[in-house]
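Structural overview
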Amino acid sequence: MRVNERTVRVKGFVLIFKSILLLYLIHIIILFVFPIYAPAWSFDIPNEYNLKDDYVPRNEVIEIATKKAGQIWGDVTLGPVIPMVDKDKYLIAYYVVFTRNGKQFPDDAEVLREIREGRELRNSGQPESSERGMRKAWGIDDYCTILMTARYSLKPIPEYFEGLPRLYTMGDYIENVGSDEIGLNPELKYIYFFGRLEQVYEFHKGGNATYVDPFPVKTVLADEFQQRISFMRESDCEIDEEIFDQRREEWNRLYNDRPTISTVVRVNNYDWIPIYLWTAGCAPTAAAMALGYYDNKYDVLDYYGGYGRLIDYYKAEYKFPCNDSGPLRQSIPNILDELGDAMNTNCSGGTHLDSVSPGIEYVVNSVNHYFFDIIETLNCDTPNTDCYDWCWGEITEQIDDNFPFVWVITCHDCPPGTNRGHALTVFGYNDGDQTLALYNTWDEQEHWWCHDHYGNNCDWYAHATWVHAIRPAGGDYPDDILLSSPDGGESLYACHEDTVRWYQWGNGITQVTIRYSTDSGASWPSDGYIVSGYSSAGQGWHEYVWVPSNNIAGENLRIRIMGLDEYGRLIASEGSISDFELHSDYVVGDVNGSGNYDGLDVTFGVNFFKGGPPPPYECECTPGNVWFIAGDVNGSCSYNGLDITYGVGYFKGGDTPIPCGDCPPN
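The structure presented is a predicted model; accordingly, all values stated were derived computationally and were not measured.

About the cut-offs
- Every residue gets a number counted from 1 within its own chain, in the order that chain's sequence is written.
- Given that the model is predicted, a residue must reach a pLDDT of at least 70 before its local features are reported, and side-chain atom pairs must reach 80 or more before they are shown or counted; all residues, however, enter totals for whole chains, interfaces and linings.
- Only hydrogens and water are set aside; all other atoms, that is, all heavy atoms of the structure, feed into the side-chain values.
- A run of H or I in DSSP becomes a helix once it reaches four residues, and a run of E becomes a strand once it reaches two; helices and strands are each numbered from the N terminus.
- Helix span, as expected, comes to 1.5 Å for every residue beyond the first.
- Burial here depends on accessible area, computed with a 1.4 Å probe over protein chains only, as a share of the maximum for the residue type. Under 20% is buried, over 50% is exposed, and the range in between is partly exposed.
- Two residues form a contact once any of their heavy atoms are found within 4.5 Å.
- We define a nonpolar core as any set of buried Ala, Val, Leu, Ile, Met, Phe, Trp, Tyr and Cys residues linked to one another through side-chain atoms lying within 4.5 Å.
- By arc we mean the arc of the directions from the helix axis to the C-beta atoms, nothing more.
- Each pair of aromatic rings taken from Phe, Tyr and Trp, with Trp reduced to its six-membered ring, is defined by centres within 6.5 Å and is described as stacked if the planes are under 30 degrees apart, edge-to-face if over 60, and tilted in the remaining cases.

Focus: helix α6 (residues 171-182)
An α-helical segment advances 3.6 residues per turn. Residues three or four places apart therefore align on the same side. In this model α6 runs 17 Å from its N-terminal to its C-terminal C-alpha over twelve residues, within 8% of the 16 Å that 1.5 Å per residue would give. Listed in full, the buried residues belonging to α6 are Gly171, Asp172, Ile174, Glu175, Val177, Gly178, Ser179 and Ile182. In this structure, the buried residues of α6 make contact with α3 (108-122), α5 (166-169), β6 (198-205), β7 (208-214) and β8 (217-220). Once α6 finishes, Gly183 follows within two positions and takes phi at roughly 110°, a positive value.

Here's the deal with the nonpolar core
Ile360, Phe372 and Trp407 are the most contacted members of the largest nonpolar core, which totals 86 residues. The leading source of residues in this core is helix α9 (residues 282-292), at eight residues. Discounting residues that sit within four places of it in the chain, Ile360 has contacts with Ala287, Leu291, Leu339, Met343, Ile374, Val406 and Ile470.

What to know about helix α7 (residues 222-230)
Residues of α7 that are buried: Phe225, Arg228 and Ile229. The buried residues of α7 all sit within an arc of 85° when viewed along its axis, so they share a single face. When the buried face of α7 is taken as reference, the exposed residues oriented beyond 90 degrees from it are Asp223 and Ser230.

Focus: the packing of aromatic side chains
Inspection of the entire model under this criterion finds 33 aromatic pairs. Seen from their ring centres, Tyr307 and Phe372 are 5.2 Å apart, and the 70° between their planes marks the pair as edge-to-face. Of this pair, Tyr307 sits in the loop between α9 and β10 (314-315) while Phe372 sits in strand β12 (residues 372-379), and the two are 65 residues apart along the sequence. Residue Tyr307 is classed as buried on the basis of its relative accessible area, which comes to 13%. Pairing Trp502 with Tyr534 gives two aromatic rings, centres 6.5 Å apart and planes at 75°, and the pair type is edge-to-face. Remark: Tyr534 occurs in strand β22 (residues 529-535) and Trp502 occurs in strand β20 (residues 498-505); sequence separation between them is 32 residues.

Here is the structure:
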């Protein structure tokens, strides 16, 4: 048969065109229907800056940082070096990042994958996964970071910590905020460094610029940014010759590898301090961490005695929605709200300096009825000097006595007419380089801060440092209680038996009351009692068999257990650390427990009403109405002979089974 060559060419062209069109359509579908497959975000490292006369060569900075990291963490490998600038875009500092244990620094996609995987574990609701996820989300086990200044006039090492800097741990959120303002994939042009928690990221796109604050992650309006830097004058940065010589000698000492003999001291069992992210202001958050040391989760075999009324329960939501502090969600202890109220912390998280210690004292002694001494010490109100000892004596005294405390550092009139500062939880010190071990309220990493000016840079100096000492002087020791389950992440089933389990210390607790919340701890219904006044005397493990009602089924349940003495007075309280789920799990009509509804269930029901065995389980639905819930097939919210008649009709071709509207199955 003869073949027309022109026809073959046309058909070939049509086939190619159809193939291209098909590929294009597939591409469009992937972009619009499956955006999850978009390329991973890349961590931009800006490298534009000017140099001042006293700048430190980059290789010297890296060499000092590498020596310091090796002294602290052993086998490290140099990773990214992130430059930061002052208000005039002059180089002022670096984050020098290392990998640990001989590992090489991975590419951006792998780092981001690790961080996001850690976040998912962190927020999974499973207590056993939360710790592992937390460490992975911040890179604590695989990375370490040294914050180095870049000028001989500044102290060399303001801070160091395990894990990654904020460009990595929160970089995708920071970039997303920038994208919202000027479009997708903006270029990170500068990171401004005004202090350890005073930084601004500047993004550019298409001739436009926007500013993002990483502490917390939020947009900074251009006018606000200009206001922040307008009060910073070069005259503020003049350092006398003696201080300059001291700092130059410190640079030389570190470069020539002459380490200071140091003694590191932390409070005993400092890992008992819970880490809370910024929630109701830095001062309430820092105080909640310090107080959590005295009322926290315990190892039964390593009990230290606690103050069990300080934290009664946990909830998932923030109290101050007008200042959403970031994407990581966690369980918030009820004491944080109490502290925010007592300190008169405003909606944006601001707390007056004079309200910090009185607020702590009121919550501990008046609200929770303990006897704590709250001692406030203020030191230094002179800028641009070494400021006496910046409360070093008070700091070491508290840590030596095993008392974590709230450290507040302030900058008066910065900008004019305002006060800026931050509160942190301190639990250790190094007397050699005078650094402090602390939690900064913005992440879950242990930081070591140089005990010096707030910003460690004369553009953003601090005027005063406050130590708010928290010293317990009396409580219910050794009576306390620990909730073991359900503590979060469990899956329970309505109308099935489950067990509430807890441990008690001491003999003061003789009974417990257990309550539930269906909205992640935001509220505790007045009728939401699992049991009240249940006998629970003696140290050791205790439990209560609970058959949860179908009418509280949902994904956001928590419980709290209150340990009471013989007179009904509250001794200690505990709550689920995260949500657990209660399934409404039954098949309509399945009264014989076979997993489906068939003629055998009708036979089982007839036999039951003649005195035979009851269905497998009963349920209280609605409140006060206890009945065999699966037997209701006519929607009457009861189980009786009419359901048998309705079922017979259904199997003869009649109407479909109808569950109780108040207690629907899954």
